[in-house]
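# Chains, contacts and geometry: an overview
So the chains spell out like this:
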Amino acid sequence: MLEKTIIAQSPGRINLIGEHTDYNDGFVLPAAVAQKATFKLVKNGSEKIVNIQSENQGNRYSFALDNFKPIGNGWENYVMGVVHELQKIGAKLAGFDGVFGGDVPIGGGMSSSAALECSLAYGLNELFNLGLGKWEIIKACQMAEHNFVGIRCGIMDQFASVMGQKDHAMLLDCRSLEFKYIPCDFESYQLILLNTNVSHSLASSEYNTRRRECEIGVKILKEKFPTIKNLRDVSIQMLNEISAQLPDEIFRRCKHVILENQRVIAGTESLIQKDFSRLGQLIYQSHFSLQNDYEVSCEELDFLVDLTIGKDYILGSRMMGGGFGGCTLVLLEDQKVDQFINFAAEKYKNKFRINLTPYKVSIENGASVTSL
Ligand code: GLA
């Protein structure tokens, strides 16, 4: 009998607002997009051999299910990481072949990595009848990134990739993991992404550094406020009260997280009330906070945000995702989208000699699987 082939798909994500809040037990407002990773999987009859091929990069990797570990940098670690985490929660796997591809830009800040991880986990769940629920998949994929890729990421990307719902953003409380679907109808406005096509090597090391800086802040805050668990529990008044004890950098990191959480709540209200001007203002505030206080932006991202300022048809813009490259998000009048894209692409090319890649955002469903 011919083995069945599983095709699993999992999308990239945008985040309307709430950056670097997820690993501080805060709030985020992401949504899944049309760009997705696709993983084709079939059992190969062996007990433990896994053969994986990247359709886009053309390279292959094989490993044995009972003997593998992270290697340098590359997609192999995402694949092995997911397998490892699924095994850790009891998954009984056998040898399989897989081919993956898709159109989530790598390093584009739309989380191609979570899309890849979640498509694999979704597919293996189906191929081997693992019976895993969505949250088990989300958490296993997040841990794959911690343990095999070395990035101590939060849960937003994997969550959005799995739970996404067409035309809805999701307000997620990263502490309780409760979430609400929020309808996204921007009426005469449109969201676009501008991919800088740069991905600075600082991205992963600085990410973990930011996480550590937040932890240092919490440790110092705890001396005065012993009941707090993390920055989620800290108000700006509390932070100001102990500002003299905090190194300036740590103070600014904490300030970003505390105010960004407030912006997520205010941004969600604005979205519900269709107060797009207010949402746009909050999006700008988020950018300036990420640029100046959290210091995860870069010249290319700041340049693109600066281009939007003073244009009455643009409501807001900011860097999106972990930072140090990737995309900016722009909320603007939909009649003006093409005109603005042409303008920004030309300015960007002149300045950096790099082509900009624009995307008109379409909010779509999360992960899915079909079998042939
Ligand atoms: C990356 C991480 C997420 C989140 C964002 C910043 O995308 O994977 O968990 O921390 O950065 O908001």
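Here we summarise the structure given alongside this text. Owing to the predicted nature of the structure, the values given are computational and were not obtained by experimental measurement.

## Points about the sheet that holds strand β8 (residues 179–183)
Across the sheet, which stays open at both edges, the three strands sit in the order β2-β7-β8 with antiparallel pairing between neighbours. On the outer flanks of this sheet lie β2 (27–28) and β8, each paired with one strand and no other. Bridge analysis of β2 against strand β7 (residues 168–173) gives two bridges, and the strand direction is antiparallel. When the bridges of β7 are listed, F27 appears paired with D173.

## Details of the packing of helix α1 (residues 75–88) against helix α3 (residues 134–149)
Contact geometry of α1 with α3 gives a least axis separation of 8 Å together with a crossing angle of 120 degrees. Accordingly, the angle class assigned to the pair α1 and α3 is oblique. Here the hand of the crossing between α1 and α3 comes out right-handed. For the pair formed by α1 and α3, the contact residues are N77, Y78, M80, G81, V82, H84, E85, L86 and K88 on the first element and A140, C141, M143, A144, E145, N147, F148 and V149 on the second. Residue composition of the contact of α1 with α3, grouped by class: 10 nonpolar, four polar and three charged.

## Side note on the pattern of salt bridges
When the charged atoms of two side chains with opposite charge come close together, those side chains can pair. Inspection of the entire model under this criterion finds 22 salt bridges. Here D66 and K48 are joined by a salt bridge, their closest N and O atoms 3.0 Å apart. Highlighted residues: D66 in the loop between β5 (60–64) and α1 and K48 in the loop between β3 (30–43) and β4 (49–54), separated in sequence by 18 residues. The salt bridge involving K255 is made with D293; its shortest N-O contact spans 3.1 Å. With K255 in helix α7 (residues 248–273) and D293 in the loop between α8 (276–292) and α9 (299–308), this pair connects stretches of sequence that are 38 residues apart. Looking at K255, the relative accessible area reads 27%, which means it is partly exposed. Within this structure, E206, R210, E213, D248, E249, R252, R253 and E295 form a network of salt bridges that share partners.

## Focus: the side chain of R252
Following the sequence through the fold, R252 ends up in helix α7. Among the residues examined, R252 registers a relative accessible area of 17% and is labelled buried. For R252, the contacting residues outside a window of four places in its chain are N292, D293 and E295.

## Some details on the packing of aromatic side chains
Scanning all chains against the criterion turns up 18 aromatic pairs. Note on W75 and F100: the rings are 5.0 Å apart at their centroids and 70 degrees apart in plane angle, and the pair reads as edge-to-face. Of the two residues, W75 sits in helix α1 while F100 sits in strand β6 (residues 96–102), which places them 25 residues apart along the sequence. According to the relative accessible area criterion, F100 is buried, its value standing at 9%. The interplanar angle of 80 degrees and the centroid separation of 5.4 Å between the aromatic rings of F179 and Y181 together place this pair among those described as edge-to-face. Linked through ring pairs, Y61, F63, F68 and F148 together constitute an aromatic cluster. Lying across the ring of F352, K351 places its NZ or CZ 5.8 Å from the centre.

## Thoughts on the pairing of strand β11 (residues 325–333)
It is a general feature of regular strands that their side chains alternate between the two faces of the sheet. Burial analysis of β11 places eight of its nine residues in the buried class, which makes it a mostly covered element. Relative to β11, strand β9 (residues 189–199) is paired through eight bridges, and the arrangement is antiparallel. Its bridge partner being in β11, N195 is matched across the sheet by C327. With five bridges connecting them, strand β10 (residues 314–319) and β11 associate as antiparallel partners. Pairing of I314 across the sheet is with L332, part of β11. In sequence, β10 turns back onto β11 through a hairpin of five residues, with G321 there showing a positive phi of about 90 degrees.

## With respect to the site of the ligand
Every residue close to the ligand is listed here: R13, E19, H20, D22, Y23, C153, G154, M156, D157, Y207, G321 and G322. A distance of 2.5 Å is found between an oxygen atom of the ligand and a side-chain nitrogen or oxygen belonging to D22. Between the ligand and G154, the relevant distance is 2.9 Å, taken from an oxygen atom to a main-chain nitrogen or oxygen of the residue. Notes on the ligand: free accessible area 310 Å², of which the protein chains cover 93%. Here the shell around the ligand is composed, by residue class, of four nonpolar, four polar and four charged.

Here is what the cut-offs are and how they apply
Residues numbered from 1 in each chain as written. Predicted model: local features only at pLDDT ≥ 70, side-chain atom pairs only at ≥ 80, totals over all residues. Heavy atoms only, no water. Pairing = 2+ DSSP bridges. Helix = DSSP H or I, 4+ residues; strand = E, 2+ residues; numbered from the N terminus. Axes fitted to C-alpha atoms, helices over the stretch in contact; angles between N-to-C directions. Parallel < 35°, antiparallel > 145°, perpendicular 65-115°, else oblique. Left-handed = near helix turned anticlockwise from the far one by under 90°. Contact = heavy atoms within 4.5 Å. Nonpolar A, V, L, I, M, F, W, Y, C, P; charged D, E, K, R; others polar. Salt bridge = Lys/Arg side-chain N within 4 Å of Asp/Glu carboxyl O. Buried < 20%, exposed > 50% of the residue type's maximum accessible area, 1.4 Å probe, protein only. Phe/Tyr/Trp six-rings, centres within 6.5 Å; stacked < 30°, edge-to-face > 60°. Lys NZ or Arg CZ within 6 Å of the ring centre and 35° of its normal. Near = heavy atom within 4 Å. Polar contact = N/O pair within 3.5 Å; in protein donor to acceptor, adjacent residues only side chain to side chain. Areas by Shrake-Rupley, 256 points an atom, 1.4 Å probe, with all protein chains shown as cover.

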